[in-house]
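A closer look at the structure
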Amino acid sequence: MLEPIKNNWRILLLVVVVVGASIALFAPQFAPETAPGENQSEASQGITNLQYGLDLEGGTRVRAPLEGYTATGVDFAGDDPVTAERAVADELDGVQLRDVGSSVGEDERAIEVTDPAVTEEEFRAAMDASGYSYEGVRPGVTAETRDLTQSIIEGKINEAGLSGGSVQQVQSLSGEYFVLVEVPGEGRSDVVSLLQERGTVQINIAYPSENGTAVEEGVLTQDDFENIGTASQRDRGTGSYVPVTVRNTAADGERPPAATFQQAVVDRGFPAAYQSEGDRCGYNPETGEIENSNPCLLLTVDGEVVNSFGMDPGLADSMESGSWADSANFELTTPEFSTAQEISVNLRAGALPAELDISGEGTSSTISAAQGENYKNYSLVTGILAVFAVAGMVFLRYREPAVALPMIVTALAEVYALLGFAALVSYPIELAVIAGFIAVVGTGVDDLVIIADEVMSEGEVNSRKVFDSRFRRAFWVIGAAAATTIVAMSPLMVLSLGDLSGFAIFTILGVLIGVLITRPAYGDILRRLLTIR
Amino acid sequence: MIAIEVPEVNYTEYSNRQLVAVPLAVLALALAIILGWYLVTGAPANLGLAFTGGVELRVADDGGNVEERIETEFDRQPDSIRSIPADDVYVVTFRAADEDPEGLAEELSQQADDAGLTTTAIDQVSPSFAGDTARTAIFGVALAFLGMSVLVFALFRTFIPSLAVVASAFSDLVIPVAVMNLLGIQMTLGTIAALLMIIGYSVDSDILLNNSVLRRTGDFYESVSRAMRTGITMTLTSMAAMIVMAIVATVFGVDLLRNIGIILAVGLCADLMNTYLLNVSLLRWYKFEGVKR
């Protein structure tokens, strides 16, 4: 009973792989995930579960670095980061505090400038003048700013309901970071304006009044913020926060925003309500009512309340005494780091912390949906014709269907298994991947030719032992050849060279599936056909 | 019915020097072409958009002498206009050495819209990004070649036969680059992939030959002809696939597939020569003279 299984396990393994690939390709369980507001039939493209990349589906890809310079290895000399930022900003003409950021972590202590007008020389001069020592200046921004930019762009794409859009950070050979944005089905100008547009953000105060909760609108608006920090974690204790600085300067005859904000906070009774650490804001976003008697600060984006805050007793006291407006900074505190990140994103209302330098060092490409559809059909035809060419050559050479036919079938099984894998991991099929498939058919058949020639050389194959020893000899060459292909292709897999990592990944995977599964199976098929006589 | 019969070559009629002369002459010629190209144009090959920077538009052909309109409607003179009949589009390329390519892309697509031309795709690459891509590509090819060489030496552990494989792989890489220059094919990301693929593909037949001669018993010429039978079938099969891919992709205007197809076909052709002339003679010298020393 077990004997036939043991003798043919290589063929059985191939069958299992092919069945598995079919399930991955066609079973609805493996269908692509749906984006919010999208139904199943919209998410899947065609009858298979395959996902297509931009060049086969149409869409826009933008790849650009974030503008700015970062001084690394900064010695803050015990000053808090905002003081250092202010010192550097003061040395730069026309640069606002919000365009200077800093990062204080275990592996990075850096100050960055994100105003595109500042040159590297100007930034170096400002760093020198500020008196903080540093190790070096590199182009680009800090990791925090990159992460924040990425999550803001992700937020924008999700909000716009663009399914299949993605944002990644990629690093080039020279160590520079790029932000890669891909949006299927959208034109270039739509994507660029999506990246640049921003919403309106303001802070309101909700306070209890005689007839329920009343709201004082716009105590702080977008232009009142001098600086919005990135989400940070407390060094000691738990909790996370976003540091914010309010502008304390104003045109002649007007009160600075910090002073009006301070006045509004005191008028609405914050100092009286927040006496101890235990006092909380009781705002309920569902009803818009305050459930206790404490006033609250509400953060709104495009008119929607997104976060609500109470106030630290110390902060409330300094507002009451009127001393707060001199420094005009506070921290929006939450227990969760992820919420702090959200708040930082919300406060910026879609404005990126650093500008994407699409024109200077970036690339962008757009392919219309019709063009993508054409590419899809053409590459399918190209692939099929290439397979026919290989099949034709093999038949001409061997003139024996028993040898040639399994060869073609095995090579196709290899591509089929690869397609199944692509569907399983939802890897988008691109032109480069299709070129990889054709390359796989080429190498695959090469190796099958080696097996066939080796096995059939030097007379009849009349016993299993003879067959096995010849098969093993053939396998040494195949293994060596496969290893060189993998070595040659692996740089492409990791270097950031456009679409070519897809080509490399699928060529390497194809070689692996070939050596481990399909080529041994072809050996078994050939043995059965040759030793049966 | 036509059948493929791998010809028997009578190597005994030729001396090693005669056999080596042909591939070395071709290699020298290829290197001379690349060097000349570098001296004249400042780059070893015709660099494509990805390595120079610029803007490329695909303009749909709506039947109303589009080519003429493309030449007149844009404020800038296009650097090249290529027609792709199967797709009914024209590919228009504008080089931008140091200008603002993003602005240029906007401007050109605006001008195309104003002129009533339908753009189906726009590609924009900035010059500094392109320079970075070129460095990365050269690094990638060098790394792949180095990795392959180390692996080959580790597999055979003898100097001359390993060197023979590495030398013919080098020649297999250089000859297609020279042919690309002569045919006016641009160096693109696709051709870089194809060059790396050649490293993988071309080494196969060399490994087969070395294995047959070094690791198997039997007469030298018998081993060589056995390896040739298999090796030439392999290379011809791959070439057939690549030539068909190149032709079909040219008709359809799928540049990436066309470039990969052409480069691999040329590289495999070069590999036939290098394996069965250069590699064989080095192996014969090693087998009959080198070992005795």
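Residues numbered from 1 in each chain as written. Chains lettered and ligands numbered in written order. Predicted model: local features only at pLDDT ≥ 70, side-chain atom pairs only at ≥ 80, totals over all residues. Heavy atoms only, no water.

Here is the rule we go by: UniProt positions are given in the numbering used here, feature names are shortened, and annotations may be inferred rather than shown by experiment.
Chain B carries the name Protein-export membrane protein SecF in an unreviewed UniProt entry, which gives Halorubrum yunnanense as its organism. Checking UniProt for chain B, the heading Subcellular location (unreviewed entry) contains the comment "Cell membrane". What the UniProt record of chain B gives under Function (unreviewed entry) is the line "Involved in protein export."

Identification of chain A as Protein-export membrane protein SecD from Halorubrum yunnanense is taken from an unreviewed UniProt entry. The annotation that UniProt attaches to chain A under Subunit (unreviewed entry) is "Part of the protein translocation apparatus. Forms a complex with SecF." Listed under Subcellular location (unreviewed entry) in UniProt, the entry text for chain A is "Cell membrane".

Describing the overall build of chain A
The condition is simple: Secondary structure elements follow DSSP: runs of H or I no shorter than four residues count as helices, runs of E no shorter than two count as strands, and numbering proceeds from the N terminus. For the area figures, the Shrake-Rupley method with a 1.4 Å probe applies, and any residue is considered shielded solely by the protein chains shown.
Across its full length, chain A carries 19 helices and 18 strands. Within the structure as shown, chain A displays about 23400 Å² of accessible surface, and the carbon and sulfur contribution to it stands at 52%.

Thoughts on the UniProt feature "transmembrane region" (unreviewed entry) in chain A
In the UniProt entry, the feature "transmembrane region" (unreviewed entry) is given for residues 12–31, 378–396, 403–425, 431–452, 473–494 and 500–518 of chain A. Here residues 378–396 of chain A runs as 100% helix and 0% strand, with 27 Å between its end C-alpha atoms.

Some thoughts on the UniProt feature "transmembrane region" (unreviewed entry) in chain B
Residues and elements named next belong to chain B. The UniProt record annotates "transmembrane region" (unreviewed entry) at residues 20–40, 137–156, 163–183, 189–209, 230–254 and 260–283. What you have in residues 20–40 is 100% helix and 0% strand, and the ends, taken at the C-alpha atoms, are 30 Å apart. End C-alpha atoms of residues 137–156 are separated by 29 Å, and the span's content is 100% helix alongside 0% strand.

A closer look at the sheet that holds strand β4 (residues 109–113) of chain A
Residues and elements named next belong to chain A. Note the threshold: Pairing between strands requires that DSSP locate at least two bridges from one strand to the other. Fitted lines through C-alpha atoms give the axes, limited to the stretch in contact for helices. The angle between two N-to-C directions lies from 0 to 180 degrees. Residue contacts follow a heavy-atom distance rule, with two residues in contact if any of their heavy atoms lie within 4.5 Å.
Read from one edge to the other, the open sheet built from four strands follows the order β3-β4-β2-β5, with strand pairing classed as antiparallel. The open sheet has two free edges, formed respectively by β3 (100–104) and β5 (136–139), since each of these has just one partner strand. Ignoring which end each strand starts from, the neighbouring axes of this sheet average 20 degrees apart. The strands touched by helix α5 (residues 81–91) within the sheet are β3 and β4, with β3 carrying the most contacts at an inclination of about 145 degrees.

A look at the environment of asparagine 7 of chain A
Residues and elements named next belong to chain A. Condition: Relative accessibility decides the category of a residue: with a 1.4 Å probe and only protein chains considered, values under 20% of the type maximum give buried, values over 50% give exposed, and everything between is partly exposed.
Topologically, asparagine 7 is positioned in helix α1 (residues 2–7). Take asparagine 7: its relative accessible area is 26%, and that puts it in the partly exposed class. Sequence separation of asparagine 7 and aspartate 524 is 517 residues, and the distance between their C-alpha atoms is 8.6 Å. If sequence neighbours within four positions are ignored, asparagine 7 has contacts with Arg464, Asp524 and Arg527.

A few points about the environment of valine 301 of chain A
Here valine 301 of chain A shows up in strand β15 (residues 296–301). Along the sequence, valine 301 of chain A and glycine 199 of chain A sit 102 residues apart, while their C-alpha atoms lie 6.7 Å from each other.

A short note on the interface of chain B and chain A
Threshold: Accessible-area loss on putting two parts together, using a 1.4 Å probe and summing over both, is the definition of buried area adopted here. The salt bridge criterion pairs a side-chain nitrogen of Lys or Arg with a carboxyl oxygen of Asp or Glu, the two atoms within 4 Å. Polar contacts, as used here, are pairs of N or O atoms within 3.5 Å; protein pairs need one atom able to donate a hydrogen and one able to accept it. Residues neighboring in sequence count only if both atoms are side-chain atoms. Three classes are used: nonpolar for Ala, Val, Leu, Ile, Met, Phe, Trp, Tyr, Cys and Pro, charged for Asp, Glu, Lys and Arg, and polar for all others, with Gly counted as polar.
Taken together, the contact between chain B and chain A spans 74 residues of the former and 69 residues of the latter. Of the roughly 6200 Å² buried between chain B and chain A on both sides combined, carbon and sulfur atoms contribute 70%. Run the count over chain B and chain A and you get zero salt bridges. Linking chain B with chain A are four residue pairs in polar contact (both at pLDDT 80 or more), by the criterion used here. Secondary structure elements with two or more residues in the side of chain B that touches chain A: α4 (101–114), β4 (119–125), α5 (127–156), α7 (189–214), α8 (220–252) and α9 (255–290) of chain B. No other element matches α5 of chain B, which puts 17 residues into the side of chain B that touches chain A. Its residues assigned to classes, the side of chain B that touches chain A comprises 45 nonpolar, 15 polar and 14 charged. When strand β18 (residues 363–367) of chain A meets β4 of chain B, the two strands line up antiparallel, connected through five bridges. Looking at β4 of chain B, one finds that threonine 366 of chain A is bridged to isoleucine 122 of chain B.

Some words on the nonpolar core
Note on soluble globular proteins: their nonpolar side chains tend to be buried together. Heads up, the rule is: Buried Ala, Val, Leu, Ile, Met, Phe, Trp, Tyr and Cys residues form a nonpolar core when they are joined through side-chain atoms within 4.5 Å.
In this structure, Met407, Ile429, Ile451, Leu492 and Phe503 of chain A are the most contacted members of the largest nonpolar core, which totals 123 residues. Here the element with the most residues in this core is helix α17 (residues 431–456) of chain A; it accounts for 17 residues. Apart from residues lying up to four places away in sequence, leucine 492 of chain A is in contact with Leu497, Leu500, Ser501, Phe503 and Ala504 of chain A together with Ala193 and Leu196 of chain B.

Comments concerning the state of the cysteines
Throughout this description, disulfide means a covalent bond between two cysteine sulfur atoms. Residues and elements named next belong to chain A. Selection rule: When two cysteine sulfur atoms lie within 2.5 Å, the pair is treated as a disulfide.
According to the stated counting rule, one finds one disulfide over all chains in the structure shown. Disulfide partner of cysteine 281: cysteine 296, at an S-S distance of 2.1 Å. The sign of the 115 degrees torsion about the S-S bond sets the cysteine 281-cysteine 296 disulfide as right-handed. Separated by 15 residues along the polypeptide, cysteine 281 in the loop between α10 (270–273) and β13 (283–284) and cysteine 296 in strand β15 bring together distant segments of the chain.

Concerning unusual backbone geometry
All names here are of chain A. One non-glycine residue, alanine 328, lies in the positive phi region at around 55 degrees. Inspection of the secondary structure puts alanine 328 in the loop between α12 (324–327) and β17 (329–334). Even without being a glycine, arginine 399 presents a positive backbone phi close to 50 degrees. You can see arginine 399 is positioned in the loop between α15 (369–398) and α16 (401–424). Accessibility expressed as a relative area gives 45% for arginine 399, which makes it partly exposed.

Considerations on the sheet that holds strand β9 (residues 212–221) of chain A
All names here are of chain A. An order of β9-β8-β15-β16 is seen for the four strands of this open sheet, with the pairing classed as antiparallel. Both edges of this open sheet fall to β9 and β16 (304–309), since each of them pairs with a single strand only. For this sheet, the mean angle separating the axes of adjacent strands, direction not counted, is 30 degrees. By the bridge criterion, seven bridges tie strand β8 (residues 201–209) to β9 in an arrangement that is antiparallel. In the strand pairing of β9, serine 209 is matched with glycine 212. Strands β8, β9 and β15 of the sheet are contacted by helix α9 (residues 257–267), whose axis makes an angle of about 165 degrees with β9.

Considering helix α6 (residues 159–183) of chain B
Note the cut-off: Expected span of a helix, by definition, is 1.5 Å for each gap between consecutive residues, and there is one gap fewer than residues.
Helix length check: α6 of chain B, at 25 residues, gives a terminal C-alpha distance of 36 Å against a target of 36 Å (1.5 Å per residue), a fit within 8%. Burial within α6 of chain B is extensive, with 18 of its 25 residues counted as buried.

Quick look at helix α7 (residues 143–159) of chain A
For an α-helix the count is 3.6 residues per turn, leaving residues at separations of three or four pointing the same way. Taking 1.5 Å per residue as the helical rise, α7 of chain A with its 17 residues ought to reach 24 Å, and the 24 Å between its terminal C-alpha atoms agrees with that figure. Along α7 of chain A, the positions that sit buried rather than exposed are Thr145, Arg146, Leu148, Thr149, Gln150, Ile152, Ile153, Lys156 and Ile157 of chain A.

Brief notes about the packing of α9 of chain A against helix α11 (residues 313–321) of chain A
All names here are of chain A. Short version of the rule: The scheme is simple: roughly parallel for angles under 35 degrees, roughly antiparallel for over 145, roughly perpendicular for 65 to 115, oblique for anything else.
Two elements in contact, α9 and α11, have axes whose closest approach is 9 Å; the angle formed by their N-to-C orientations is 110 degrees. Viewed along their axes, α9 and α11 adopt a mutual orientation that is roughly perpendicular. Here α9 contributes Phe261, Gln262, Val265 and Val266 to the contact with α11, which in turn contributes Ser318, Met319 and Glu320. A breakdown of the residues in the contact of α9 with α11 according to their chemical character gives four nonpolar, two polar and one charged.

Digging into the packing of aromatic side chains
Residues and elements named next belong to chain A. Stated formally: Each Phe, Tyr or Trp ring (for Trp, its six-membered ring) is paired with any other whose centre lies within 6.5 Å, and the angle between the two planes then decides the class: stacked below 30 degrees, edge-to-face above 60, tilted in between. Only when the NZ atom of a Lys or the CZ atom of an Arg is both within 6 Å of the ring centre and within 35 degrees of the ring normal do we say a charge sits over the ring.
Within the structure shown, the criterion is met by 15 aromatic pairs over all chains. Taking 5.2 Å as the distance between ring centres and 65 degrees as the angle between the ring planes, the aromatic pair formed by tyrosine 427 and phenylalanine 506 counts as edge-to-face. Of the two residues, tyrosine 427 sits in the loop between α16 and α17 while phenylalanine 506 sits in helix α19 (residues 500–531), which places them 79 residues apart along the sequence. Judged by relative accessible area, which is 22%, tyrosine 427 ranks as partly exposed. Given the relative accessible area of 1%, phenylalanine 506 is considered buried. Taken together through their ring pairs, the aromatic side chains of Phe261, Trp324 and Phe330 make up a single cluster. One cation-aromatic arrangement involves lysine 376 over tyrosine 52; the distance from NZ or CZ to the ring centre is 4.2 Å.

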